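Residue-level structural notes
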Amino acid sequence: MGTIGASHGWVATLKNGVVRLQDDLDRNASDTDPKRIPLPPLETLPYCQTQIVTNVAMSSSSPEDEDCIVAIKFLGPQLSLCRPAQRNCEWTNIRITDPSFYSSHVMYSKKDEMFSMPASGGNYTGSWDLGRHRDKPKLQMLWYPERRVVKDMYVSKDKMRLDLLKNKEKE
């Protein structure tokens, strides 16, 4: 059994394709009666793997909350989502086609109520709006201008140089 990540005080372990959540890091958890929540066996999408995990994220502080979603990002194109508190919980598997996300980490924004992953290179982010796409998550891409910060810095420096040259010419 190996630890694959932690979120909100819950540790996720993986053994024989089964993920188990344990409240080992929750400071409010019972020392004598720790909680252990097994999730359904993982399903591996074709041409994917579920042995190497990039990270784990949760949408709330307790997997026992009805709205809690656990997300596991695997190295490669698979992202898996599960609602542990549902009676017949099962994994929703998403195949990511853009290789820029293959080694990304998944994270949850409580403010936006979205899971997201930054693409390698930092030019865009993939996100899943769980408010609008609760049953079938849809990937949305947020693009950032390439080297925007660097370009802005160059513009500022160039403008400063021009201002200095103009001031010297006036003297």
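Anyway, here's the lowdown on the structure attached to this text. Keep in mind that this is a model prediction, so the values were computed, not measured. (Residues numbered from 1 in each chain as written. Predicted model: local features only at pLDDT ≥ 70, side-chain atom pairs only at ≥ 80, totals over all residues. Heavy atoms only, no water.)

**Here we look at the pairing of strand 3 (residues 18-22)**
Rule in force here: Paired strands, as defined in this entry, are two strands with at least two bridges between them according to DSSP. Only DSSP runs of H or I with at least four residues qualify as helices, and only runs of E with at least two residues qualify as strands; both kinds are numbered from the N terminus onward.
Note: strand 2 (residues 10-15) against strand 3, five bridges, orientation antiparallel. For Thr13, the partnering residue across the bridge sits in strand 3 and is Arg20. Joining the antiparallel neighbours strand 2 and strand 3 is a turn of two residues, in which Asn16 adopts a positive phi near 50°. Relative to strand 4 (residues 36-41), strand 3 runs antiparallel, the two being bridged by four bridges.

**Some thoughts on the sheet that holds strand 1 (residues 2-7)**
For the record, the criterion: Simply put, an axis is a line fit to the C-alpha atoms, just over the touching stretch for a helix, and the angle between two N-to-C directions goes from 0 to 180 degrees.
An order of 1-2-3-4 is seen for the four strands of this open sheet, with the pairing classed as antiparallel. Each edge of the open sheet is held by one strand with a lone partner, namely strand 1 and strand 4. Pairwise comparison of adjacent strand axes, ignoring direction, gives a mean angle of 25° for this sheet.

**A short note on the pairing of strand 1**
Pairing of strand 1 with strand 2, which is carried by five bridges, proceeds in the antiparallel orientation. Directly across from Ser7, in strand 2, lies its bridge partner Trp10. Once strand 1 ends, the chain turns through two residues before running back antiparallel as strand 2, passing His8 with a positive phi of about 55°.

**A short note on the sheet that holds strand 8 (residues 92-95)**
Spatially, 5-6-7-8 is the arrangement adopted by the four strands of the open sheet, whose pairing is antiparallel. Both edges of this open sheet fall to strand 5 (53-58) and strand 8, since each of them pairs with a single strand only. Taken over all neighbouring pairs, the strand axes of this sheet differ in orientation by 15° on average, direction set aside.

**Considering the nonpolar core**
Counted only if it meets this: What makes a nonpolar core is a set of buried Ala, Val, Leu, Ile, Met, Phe, Trp, Tyr and Cys residues whose side-chain atoms join them at distances within 4.5 Å. Exposure is judged per residue with a 1.4 Å probe applied to protein chains only, and the accessible area is read against the type maximum: over 50% gives exposed, under 20% gives buried, and values in between give partly exposed. We call two residues contacting when some pair of their heavy atoms lies within 4.5 Å.
With 19 residues, the main nonpolar core has Ile4, Val19 and Ile72 as its most contacted residues. Every element with two or more residues in this core is listed here: strand 2, strand 3, strand 4, strand 5 and strand 6 (70-74). Every residue in contact with Ile72, bar those within four places of it in the chain, is listed here: Ile4, Val19, Val53, Asn55, Val56, Gln78, Leu79, Ser80 and Trp91. Counting residues in each nonpolar core, the second largest holds 14 residues, with Ala71, Ile94, Phe101 and Ala119 among its members.

**Some words on the side chain of Ser59**
The cut-off we apply is this: Contacts described as polar in this section are N or O atom pairs within 3.5 Å, which, within protein, must combine one atom able to donate a hydrogen with one able to accept it, while residues neighboring in sequence count only if both atoms come from side chains.
Among the secondary structure elements, Ser59 is positioned in the loop between strand 5 and strand 6. Look at Ser59 and you get buried, because its relative accessible area is 9%. Side-chain polar atoms of Ser59 contact the backbone nitrogen of Ile69, separated by 2.7 Å. Among all residues touching Ser59, those that are not within four sequence positions of it are His8, Asp67, Cys68, Ile69, Tyr108 and Phe115.

**So, the pattern of salt bridges**
Put simply, the rule is: Between Lys or Arg on one side and Asp or Glu on the other, a salt bridge is scored when a side-chain nitrogen of the former is within 4 Å of a carboxyl oxygen of the latter.
Within the structure shown, the criterion is met by one salt bridge. For Lys35, the salt bridge identified is with Glu64, shortest N-O distance 3.0 Å. Within this pair, whereas Lys35 is found in the loop between strand 3 and strand 4, its partner Glu64 is found in the loop between strand 5 and strand 6, the two being separated by 29 residues in sequence. Assessed through its relative accessible area of 38%, Lys35 is described here as partly exposed.

**Examining the environment of Thr92**
Tracing the backbone through its elements, the reader meets Thr92 in strand 8. For the pair Thr92 and Leu79, spaced 13 residues apart in sequence, the C-alpha to C-alpha distance is 8.4 Å.

**A closer look at unusual backbone geometry**
The phi dihedral of His8 is positive, around 55°, even though this residue is not glycine. Inspection of the secondary structure assignment puts His8 in the loop between strand 1 and strand 2. Backbone geometry at Asn16 places phi at a positive 50°, although glycine is not the residue there. Within the secondary structure layout, Asn16 lies in the loop between strand 2 and strand 3. On the basis of relative accessible area, Asn16 is assigned to the exposed category, the value being 74%.

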